[in-house]
Amino acid sequence: MKRKHSIVKQRFLLVLVLGLSAIWILHGLSGCAAQPGSVGVTTGGAKDIAYARATILDGGVPEPNSITVEGFVSEHSLPTVAPDGAGLLYLAATTAWHDDFDSFTPHATLQIGFGSTIDRATFRRPPLNLCLVIDRSGSMGNSIDFRSGTSKLEAVKVAVDRLASELNEDDLVSVVTFNEGSSVRLEAVGGDELGAINSAVDTLVPEGGTDLVAGLRRGYNVVQQHTSNDRMDRVFVFTDALLTDFNEFLTQLFLNVVRDYAGQNIGGTFFGVGTDFGQDIAYEISQIRGGNYFFLSDYERIVSVFEEDFDFLVTPVAYDVSLRVAVHLTFDVTDVFGIPVEGPFPHEFRLNIPSLFLHSREGGGAIFVRARASAAMDFSQASEIAKLSLNYETPDGTRVAPPFLEPTLPAGLDPDARTSHFQDDVTKRGVLLLNTALAMKAACDDVYERFGDYYYSVNYGEGYQRAISRLTEFLVYFDELAAGLEDRLSPTSRSLSEERALVAKLLSNLRGS
């Protein structure tokens, strides 16, 4: 008998899961057919939900906006197979027909996963002109977590030590620090001068106020003074500065500085240190050319970012990406997930992605587009879902438009999805991850009061019971959909068992409140 979910509104939806895959020629490396060990591609912006994970594991309930589909999916591998004749970026689609958790009725799913054909074993990033911009204000003396008691600034020193080991003699490295003022601690030394790099931060102590914009400008200026055609220009910013809608003037000033220098091809990677960093800023960063964002919550996360991901997080593969989605008239688009974008959506629309980065995991992300199927859909026939076309700018400024795709749902599906259809296990995994992120986010939304888009307090009323019911039901759903799937697809990917445990921990936190 078909399952019904008691806490969600009935909808009949088609889900399009859209991603981008890339083949990049870099320093003599060329693309080939997608294979194990290849490098993935992902959008800029949030690369994880580390803030939410840390909050849940510490016994709390995170703000809903700290759980994003793009961040959650970026922590997993969703490998793709490159189509014949693929160029720099390509689209590769798979399909499914299934009953999603947040609907009483089935969804069709088109999944296009992120990936690349660059062999990570032979990949070499271009040299960097890099400035580390480090917050040393008084708040950086607070603990980064509840378990170790390590200060945020000490955690940054560990991060600098780890990233310094990933540099080489072809890189230029500078260090700027700031509190209520800013200063240059090290300028344009070779990346192999580890002693000088570590010495620039070893004696830092947390004190004073915070002028993030002054430190940011100083860091960008240092990079600008040493720019050349031989190196990629980028700043790394480590801070716990709280940037929210309630601090709009400072937030906009910060973003304007980042945008101004992005226009000069100086990228920005931002690291939120501890649980105080404003989560709203991750969305804004993702909308800036060359911008990406990570959250540093503990030692494990620092090691993961700077030992596994460093070469990829500094390597944009494409800019100003435009994905045109022309949905067949038998469907109406209702939602888009996996990229920060707001509706409503007509039958034809464009998704604009300022930057795509290389990623340590195959299939480093996905975009999900949901559409409602009309009564005109004939399940006895194969059904064309949409026409997808892509164009983008390469790092050298060339504009490219690969061939379009016309993904099709197969004939003979059960309209009620009593028997689900997944083209392959990667598609099934993508559907499960989407539903997991949305269920956790919805449960957190159940218990938070909000003012516009700002979440400001926890409501201990009936929202708690609604959230508990939601996650209790979802764990049953999770187990059904996860059955038969491999737990972990790659060493750098999170496992499904980890994600189930995270949902269960959030449920336990709600029950104990």
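Refer to the structure presented above.
Quick caveat: nothing in here was measured; it's all calculated off a predicted structure. (Residues numbered from 1 in each chain as written. Predicted model: local features only at pLDDT ≥ 70, side-chain atom pairs only at ≥ 80, totals over all residues. Heavy atoms only, no water.)

## Observations regarding the environment of D48
Mapped onto the elements of the fold, D48 is located in the loop between β4 (45–46) and α1 (50–57). The spacing of D48 and V69 is 21 residues in sequence and 9.1 Å in space, taken between C-alpha atoms. Once residues lying within four places of it in the same chain are set aside, the contact partners of D48 are G71, E75, F294, F295 and R301. (Helix = DSSP H or I, 4+ residues; strand = E, 2+ residues; numbered from the N terminus. Contact = heavy atoms within 4.5 Å.)

## Section: the pairing of strand β13 (residues 266–273)
By the criterion of burial, β13 is predominantly enclosed, with eight of the eight residues buried. Covered by surrounding structure in β13 are I266, G268, F270 and G272 together with G267, T269, F271 and V273, the residues of both alternating faces. Here strand β12 (residues 232–239) runs beside β13; their pairing, made up of seven bridges, is parallel. Bridged to R234 within β13 is G267. (Buried < 20%, exposed > 50% of the residue type's maximum accessible area, 1.4 Å probe, protein only. Pairing = 2+ DSSP bridges.)

## Examining the packing of aromatic side chains
A complete count under the given rule lists 16 aromatic pairs for this structure. Taking 5.7 Å as the distance between ring centres and 90° as the angle between the ring planes, the aromatic pair formed by Y51 and F295 counts as edge-to-face. Of this pair, Y51 sits in helix α1 while F295 sits in strand β14 (residues 291–296), placing them 244 residues apart in sequence. Across this residue pair, the class does not change: Y51 and F295 are buried. On the numbers, 4.8 Å between centres and 10° between planes, the contact of F238 with F271 is stacked. One end of the pair, F238, is in strand β12; the other, F271, is in strand β13, with 33 residues separating them in the sequence. With relative accessibility at 0%, the residue F271 sits in the buried group. Clustering of aromatic rings is evident, with ring pairs tying together F236, F238, F271, F294, F306 and F310. When the ring centre of Y319 is taken as reference, the NZ or CZ atom of R289 above it lies at 3.8 Å. (Phe/Tyr/Trp six-rings, centres within 6.5 Å; stacked < 30°, edge-to-face > 60°. Lys NZ or Arg CZ within 6 Å of the ring centre and 35° of its normal.)

## Here we look at a negative patch on the surface
On the surface, a cluster of negative charge is made up of E169, D170, D192 and E193. Along the chain, D192 turns up in the loop between β11 (182–190) and α4 (194–202). (Patch = residues over 30% accessible without salt bridge, like charges linked within 9 Å, V, L, I, M, F, W, Y side chains within 5 Å. Areas by Shrake-Rupley, 256 points an atom, 1.4 Å probe, with all protein chains shown as cover. Salt bridge = Lys/Arg side-chain N within 4 Å of Asp/Glu carboxyl O. Lys, Arg positive; Asp, Glu negative; His and termini not counted. Charge placed at Lys NZ, Arg CZ, Asp CG, Glu CD.)

## A few points about the side chain of N198
Structurally, the position occupied by N198 is in helix α4. The buried category is assigned to N198, whose relative accessible area is 16%. Not counting residues up to four positions away in its chain, the partners in contact with N198 are V160 and D161.

## Let's talk about the packing of helix α3 (residues 152–164) against helix α8 (residues 299–308)
Their axes nearest at 9 Å, the elements α3 and α8 cross at an angle of 30°. Looking at the two axes, α3 sits roughly parallel to α8. Two packed elements cross with a definite hand, and for α3 against α8 that hand is right-handed. Residues A155, V158, A159, R162 and L163 of α3 form the contact with α8, whose participating residues are Y299, I302, V303, F306 and E307. Counted by class, the contact of α3 with α8 contains eight nonpolar, no polar and two charged residues. (Axes fitted to C-alpha atoms, helices over the stretch in contact; angles between N-to-C directions. Parallel < 35°, antiparallel > 145°, perpendicular 65-115°, else oblique. Left-handed = near helix turned anticlockwise from the far one by under 90°. Nonpolar A, V, L, I, M, F, W, Y, C, P; charged D, E, K, R; others polar.)

## Brief notes about the pattern of salt bridges
For the structure on display, the rule yields 24 salt bridges. It is possible to trace a salt-bridge network through shared partners that takes in R53, E75, R488, R494, E498 and E499.

## Let's talk about the environment of F101
Among the structural elements, F101 can be located in the loop between β6 (93–98) and β7 (107–112). Since its relative accessible area comes to 3%, F101 is described here as buried. For the pair F101 and L434, spaced 333 residues apart in sequence, the C-alpha separation works out to 9.9 Å.

## Thoughts on the nonpolar core
Core analysis: the largest hydrophobic core is formed by 45 residues, its most contacted members being V61, V69, M440, L506 and L510. Counting residues per element, the ones that place at least two in this core are α1, α2 (69–73), α10 (425–447), α11 (462–482) and α12 (496–512). In terms of residues, this core owes the most to one element, α10, which gives twelve residues. The contact partners of V61, leaving out residues within four places of it in the chain, are T55, C444, V447, Y448, Y464, L506 and L510. L91, W97, V336 and I367 belong to the second-largest nonpolar core, a separate cluster that totals 40 residues. (Core = buried A, V, L, I, M, F, W, Y, C linked by side-chain atoms within 4.5 Å.)

## Description of empty space enclosed by the protein
One water molecule sets the probe size; rolling that probe over the atoms shows where empty space is left. With the rule as written, the count across this model stands at four cavities of 30 Å³ or more. When its volume is computed, the largest cavity comes out at roughly 90 Å³. Taken together, 13 residues form the lining of the largest cavity, with K47, F294, D309, H359 and R361 sitting closest to its centre. Among the elements that make up the lining of the largest cavity, the one with the highest residue count is strand β17 (residues 348–359) (three residues). Its residues assigned to classes, the lining of the largest cavity shows five nonpolar, two polar and six charged. (1 Å grid on protein atoms, 1.4 Å probe; cavity = no way out; pocket = protein on both sides within 12 Å on 5 of 7 lines; lining within 4 Å. Points joined across faces, edges and corners; volume = space filled by probe spheres on them.)

## As for α12
In an α-helix, one turn spans 3.6 residues; hence positions three or four apart end up facing the same way. For α12, with 17 residues, the first-to-last C-alpha span of 24 Å sits near the 24 Å given by 1.5 Å per residue. Listing the buried residues of α12 in full gives L496, E499, L502, V503, L506, L507, N509 and L510. Burial along α12 is one-sided: seen end-on, the buried residues are contained in an arc of 160°. In α12, those exposed residues whose orientation departs by more than 90 degrees from the buried face are R511 and G512. (Expected span 1.5 Å × (residues − 1). Arc of directions from axis to C-beta.)

## Focus on the sheet that holds strand β21 (residues 399–400)
Read from one edge to the other, the open sheet built from five strands follows the order β3-β17-β15-β20-β21, with strand pairing classed as antiparallel. Strands with a single pairing partner mark the edges of an open sheet, and in this sheet they are β3 (40–43) and β21. Relative to β17, β3 runs antiparallel, the two being bridged by four bridges. Of the residues in β17, the one forming a bridge with G40 is H359.

## A short note on the packing of helix α5 (residues 212–225) against helix α6 (residues 248–262)
Think of two packed helices as two axes; the pair is described by the angle between the axes and how far apart they sit. Where α5 contacts α6, the axes come no closer than 10 Å and their chain directions differ by 5°. Considering their axes alone, α5 and α6 lie roughly parallel with respect to each other. Here L212, V213, L216, R217, Y220, N221 and Q224 of α5 lie close against α6, whose contacting residues are L250, L253, F254, V257, V258 and Y261. Taken together, the residues of the contact of α5 with α6 break down into ten nonpolar, two polar and one charged.

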